[in-house]
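# Topology and contacts: notes
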Amino acid sequence: MSSARECVNALIDDFQQRRPIRAGSLIITVYGDAIVPRGGTVWLGSLSKLLEPIGINERLVRTSVYRLTRETWLQGEKVGRRSYYSLSGPGRRRFEQAFKRVYHGTQAPWSGQWTLVLLSQLDSARRQKVRDELEWLGFGHFVPGLLAHPTLNRSEAVAALQELGAADETIVMQTKALEPLASKPLRLQVRESWNLDDLAEHYQRFLTLFRPLWKALNEENHLDEEACFIARTLLIHEYRRVQLRDPQLPDELLPTAWEGRNAHQLCRNIYRMIYRRAEDWLDRHLETAEGPLPAPGPSFYQRFGGLE
């Protein structure tokens, strides 16, 4: 069996072999996982040093940060000859939407209600745009022109449609819960409407990538601090990529043997095992204009239902 260090090296190789290398996406992962809990601002030079062992050189870091700034993910500040970057206002809002999925704990029981949005009164071009945005929020396509969401309530759906300028041209309804909450035909409809088979394949790839590391850590948990930071970063990066595809359906609507549950458990278990050594590495290698980054806030320790 491979050692934990060999497993981390294999994860780095897997990341480096992808083309094109998504350095900007990895930087957002580092901000969300490591920098935001510690105040959110970091010196560009220390960010480059963190990412170099993963195969992201200083030039690519600078190019990616410049692009993220133009795309309003990041904002920069010059202090002397050094540049410091933090998430912008829009970037923080997008971050919160994306990362709250990653670290969630146990889901609350489903009420059995559905929020339905009927798009038949929109012209075809706007209908497609609104549909795309609603699907990003986790809506599924039941029949042409009708989208459904099992946990987003009616007022939240209306607020989303108002932001899209489509609230006056759509019909929003909320159903009552009926028994059984998740009948066989409904489960089949959910599987089709949210393309759960495709999502399961992405989760399976995540499991295949990280199960060797979990096994190795259980055999000999001797990873050094830098390797723990790299492993944690790539773990959350890969998990976040799958989570962005996941509509976060209630357990009652998912298959009994659902790969997403196994992936969440694996991600949580590895994270809990290595996060503290990764934090020690960050303590010594991240800088703000005032010095080392502050310690993580209390919300950091609530990730995955509690890290302690």
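## Looking at the nonpolar core
If you look at the biggest cluster of nonpolar residues, it comprises 84 residues, and the most contacted ones within it are Tyr31, Leu47, Leu51, Trp114, Phe210, Leu213 and Tyr271. The leading source of residues in this core is helix H9 (residues 196-219), at eleven residues. When neighbours within four sequence positions are excluded, Trp114 is seen to be in contact with Phe142, Ala148, His149, Pro150, Met173, Gln174, Thr175, Leu186, Val190, Trp194 and Leu253. Grouped together as the second largest cluster of nonpolar side chains are twelve residues, Leu119, Val130, Leu134 and Phe139 included.

## Considering the pairing of strand E5 (residues 140-143)
Strand direction decides the pairing type here: E5 and strand E6 (residues 146-149), joined by three bridges, are antiparallel. Within the sheet, the bridge partner assigned to Gly140 lies in E6 and is Ala148. As consecutive antiparallel partners, E5 and E6 are separated by two residues, and within that stretch Gly145 has a phi angle of approximately 85 degrees, a positive value.

## A look at a nonpolar patch on the surface
Together, Trp136, Leu137 and Leu244 make up an exposed nonpolar region whose accessible area comes to about 250 Å². Mapped onto the elements of the fold, Leu244 is located in the loop between helix H10 (225-243) and helix H11 (259-285). Under the relative-accessibility criterion, Leu244 is labelled partly exposed at 35%.

## Observations regarding the packing of aromatic side chains
If you walk through the whole model with that rule in mind, you get 14 aromatic pairs. Centroid distance Tyr271 to Tyr275: 6.5 Å. Interplanar angle 5 degrees. Geometry classified as stacked. On the criterion of helical spacing, the pair formed by Tyr271 and Tyr275 is a turn pair, its members being four residues apart in helix H11. Judged by relative accessible area, which is 3%, Tyr275 ranks as buried.

So, how was this worked out
- Residues numbered from 1 in each chain as written.
- Predicted model: local features only at pLDDT ≥ 70, side-chain atom pairs only at ≥ 80, totals over all residues.
- Heavy atoms only, no water.
- Core = buried A, V, L, I, M, F, W, Y, C linked by side-chain atoms within 4.5 Å.
- Buried < 20%, exposed > 50% of the residue type's maximum accessible area, 1.4 Å probe, protein only.
- Helix = DSSP H or I, 4+ residues; strand = E, 2+ residues; numbered from the N terminus.
- Contact = heavy atoms within 4.5 Å.
- Pairing = 2+ DSSP bridges.
- Patch = residues over 30% accessible without salt bridge, like charges linked within 9 Å, V, L, I, M, F, W, Y side chains within 5 Å.
- Areas by Shrake-Rupley, 256 points an atom, 1.4 Å probe, with all protein chains shown as cover.
- Salt bridge = Lys/Arg side-chain N within 4 Å of Asp/Glu carboxyl O.
- Phe/Tyr/Trp six-rings, centres within 6.5 Å; stacked < 30°, edge-to-face > 60°.

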